[in-house]
Amino acid sequence: MGTTITRTDPTKSQPPNQDKRWRLVDATIRRVGHQSRGLIETLHTVQEAFGYLDVQALRYVATALRVPLSRAYGVATFYHFFTLKPAGEHTCVVCMGTACYIKGAPQLLAAIHHNLGIAPGETTPNGKVSVLTARCLGSCGLAPAVVYDQNVAGKVTTQELREQLAKWMPHDS
Amino acid sequence: MTPEELEQIVEEQIAARGEVARTVNVCMAAGCMSCQSQSVKDALDKEVAGRSMEKKCQVKGVGCMGLCAEGPLVSTDSGVLYQHVTAADAVEIVDGLEKGPVERLVCPTNVPFFQRQKKIVLENSGIVDPERIEDYIGASGYGALIYALTDKTSMQVIDEVVRSGLRGRGGAGYPTGLKWSTVAKASGKQKYVICNADEGDPGAFMDRSVLESDPHRVLEGMLIAGYAVGASEGYIYVRAEYPLAIKRLRTAIRQAERLGLLGTNICGTRFSFRVDLRLGAGAFVCGEETALISSVEGKRGTPRPRPPYPAQEGLFGEPTLINNVETFANIPPIIRNGGDWYAKIGTEKSKGAKVFALAGRIRNTGLVEVPMGITLREIVFEIGGGIPEGRKFKAVQTGGPSGGCLPAEFLDMPVDYESLARAGSIMGSGGMIVMDESSCMVDVARYFMEFCMTESCGKCVPCRVGTYQMKQLLDRITNRDATAKEIGQLEFLCELLKNTSLCGLGQSAPNPVVSTMRYFPEEYKAHVEDGKCPAGVCGSQANE
């Protein structure tokens, strides 16, 4: 082949922009020694810092850890915990574990759909609320459980859920 | 850390306990934390400080006390347990230390829920502060490790575990001692110990509770395992969905490193061991050991055919011991008290006690540890307090998506690995979901099949395509569009998946369908032939 491929030293690759949060990502990349086995850990750090994984971030992490972009993308899409889209201002996670399911989690999702018109995994058009489901929060004693912006609420009723959503959504929408 | 230094910490802890006349324990595990137990603890701290009683009365954050449904829970050193405590109750509780218990908050402890339990794994749970290593050491923690390192050879340690009869608590029940000796015999330049804390079964929270309540016990179990099999590195693969467990594990590892219980030349011996955390990222299949290894290596969590088993070729191609959290947590008491002591508990083939997470339509939801061989009736009706609202028991689901639903006729069956398997379910990791007549068993089967469908990793065709097809069929049944022929197709797919899937996920995915078809055929019949859902679940607004 006539073309030469220029290989950049992955340890010297630069973050996509000046955002200070990249320093956290760089710290993890250094800690895992630029090794491919640190891919999941690094993606965790990116998601913790930025809230989601975009193509730019995946490209940077892939280069720094010497893995093909396809593998970084493959891992990011394989695991449910990683998201490629930014979340809304508020998040509402409905637990769909067995205990929550038989104690009324489907009714809660139906109420959300009725009030906001969105299904799990979606964000309201105004970017205010994202609705997600969890496999099991492990708070089965509190079924059905919902996490409102990191705070776990137990024995949730559709009425309580509606009130919480109303607080997050501006009245005109 | 030498044995003498450890002894010194124990004595200091006992002396410190002697100085403090009273102790108030506040449950700081996830269940109670989500009912604001932090504010209860803050209020108690403030109340004690306000009365300048800090020297006399200690307010301690502890792990899970078990009765999660009645949280936040607070206990005192005189054995009083308070339920549904709020921050406003702090004054009365502190008053109560002298004047006697606050009657309106008291939770009776002379009931089967507390009396019938046999606590081995949970012995420290709700008693020690999970964020202080000294507290764990004060409760004879790390004593088993020192004993193993100084008084026993690695073969003797394995022998003790073999004699205990302990079987893997992750669900499959493989003899732990046998696994250990296989790894010990395997040759490799580096061996690894992995703790499987990827508790993915919906409706199970035993491991989370153990990690949150007593993280050092799991570390100690791993250290002993590392010594026994000749490993020097360990990983704990923990779900990212358990932030509190992760935080406490990180603290525990740091503290153990500081005291020299993790690191090089532990207790002045040649044994070195370090432990690192790896966070899962929400993939149920990673509970399967080869998929878990793949995930620890930073790849997609897909399983591979066995053999070679991880004991021969595991993490990075080296011999690897993988055990579940609860299995490791059983190790320190086994080494401390001897394998024979453990083997006296339980049944002939299933030794010891097992932690179960009781949830669903049951009065006392929470965490219990019971000896093997206890009957389901005792667990559900005596310990669990039965079904609330005067409803009728319908089924108990064990083993999560890999298990089955057992009807009332099995209530008097002893709980052990073999009996559960014979009845068409599995022991599983310990989730126990009780259902009453308001649950539709076809809908439950559909729920688990949907779970397996989304969690299938996609590597092998029977599981990837089969779970989808079965979910479609179950959708048609719950929508009451199915024909009798489709029931036959469902049965055919159950067999196919069981026999041809690559890993446990696909092989056991039909279990909920098979068990509900076997024990509740009339419900399937009602959906297909009469177009009715007897429980009134299918077709209601929420399930449309």
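Because the structure is a prediction, the values reported are computed rather than measured.

Draft legend 1. Representation of the sheet that holds strand β4 (residues 81–82) of chain B. Residues and elements named next belong to chain B. With respect to topology, 4 strands assemble into an open sheet ordered β2-β1-β3-β4, the strand pairing being mixed. Of all the strands in the sheet, the pair left with one neighbour each is β2 (57–62) and β4. Across 6 bridges, the pairing between strand β1 (residues 22–27) and β2 is parallel. Residue pairing for β2: Asn25 is matched across the bridge by Lys60. Set on the sheet, helix α3 (residues 37–50) makes contact with β1, β2 and β3 (74–76); between it and β2 the angle comes to about 165°.

Draft legend 2. Focus on the sheet that holds strand β4 (residues 151–153) of chain A. All names here are of chain A. Taken in spatial order, the 4 strands of this open sheet run β2-β1-β3-β4, and their pairing is mixed. Of all strands in the sheet, those bounded by a partner on one side alone are β2 (129–134) and β4. Along the sheet, successive strands turn relative to each other by an average axial angle of 25°, direction set aside. Sheet topology places strand β1 (residues 90–95) next to strand β3 (residues 146–148); 3 bridges connect them, and they run antiparallel. Note that in β3 the partner of Val94 across the bridge is Val146. Of the strands in this sheet, β1, β2 and β3 are in contact with helix α6 (residues 105–116), which crosses β1 at around 150°. Against the sheet, helix α7 (residues 158–168) makes contact with β1, β2 and β3, and its axis sits at roughly 20° relative to β3, the strand it touches most.

Draft legend 3. Examining the packing of aromatic side chains more closely. Going through the model one piece at a time under the given rule, you end up with 17 aromatic pairs over all chains. Summarising the aromatic geometry, the rings of A:Tyr101 and B:Tyr447 are spaced 4.3 Å apart at their centres and angled 25° between planes, so their arrangement reads as stacked. With one member in each of two chains, A:Tyr101 in helix α5 (residues 98–102) and B:Tyr447 in helix α18 (residues 441–455) form a pair that bridges those chains. Note on A:Tyr101: relative accessible area 8%, which makes it buried.

Draft legend 4. The arrangement of the interface of chain A and chain B in detail. Facing 34 residues of chain A, the contacting portion of chain B comprises 52 residues. Roughly 3,500 Å² is buried in total at the junction of chain A and chain B, and carbon and sulfur atoms are behind 58% of that figure. On the chain A side of the interface with chain B, the three residues burying the most area are A:Phe78, A:Ile102 and A:Arg135, jointly 19% of the side's total. If you look at where chain A meets chain B, you find 2 salt bridges. The closest approach of N and O atoms between B:Arg278 and A:Glu41, which form a salt bridge, is 3.2 Å. At the level of elements, α2 (39–50), α4 (69–78), α5 and α6 of chain A are the ones that each hand at least two residues to the side of chain A that touches chain B. When grouped by side-chain class, the residues that make up the side of chain A that touches chain B number 18 nonpolar, 10 polar and 6 charged.

What counts, and at which threshold
- Note on numbering: residues in each chain are counted from 1, in written sequence order.
- Each chain takes a letter, starting from A, and each ligand takes a number, starting from 1, following the order in which they are written.
- Only residues with pLDDT of 70 or above have their local features reported here, since the model is predicted, and side-chain atom pairs are shown and tallied only from 80 upward, although totals for entire chains, interfaces and linings are computed over all residues.
- The basis for every side-chain value is the complete set of non-hydrogen atoms in the structure, without hydrogens or water.
- Any two strands are treated as partners once DSSP identifies two or more bridges connecting them.
- Helix and strand labels come from DSSP, where a helix needs a run of H or I of at least four residues and a strand needs a run of E of at least two; each type is numbered from the N terminus.
- Here a residue-residue contact requires only that any non-hydrogen atoms of the pair lie within 4.5 Å.
- Note on definitions: angles span 0 to 180 degrees between N-to-C directions of axes, and those axes are lines fitted to C-alpha atoms, for helices only across the stretch in contact.
- Each Phe, Tyr or Trp ring (for Trp, its six-membered ring) is paired with any other whose centre lies within 6.5 Å, and the angle between the two planes then decides the class: stacked below 30 degrees, edge-to-face above 60, tilted in between.
- Buried, partly exposed and exposed residues are distinguished by accessible area as a fraction of the type maximum, computed with a 1.4 Å probe on protein chains only: under 20%, between the cut-offs, and over 50%, respectively.
- When two parts are put together, the accessible area they lose, computed with a 1.4 Å probe and summed over both, is reported as buried area.
- Salt bridge, as applied in this entry: a Lys or Arg side-chain nitrogen positioned within 4 Å of an Asp or Glu carboxyl oxygen.
- Only Asp, Glu, Lys and Arg are considered charged, only Ala, Val, Leu, Ile, Met, Phe, Trp, Tyr, Cys and Pro nonpolar, and every remaining residue, Gly among them, polar.

Coordinates in, geometry out; function isn't part of it.
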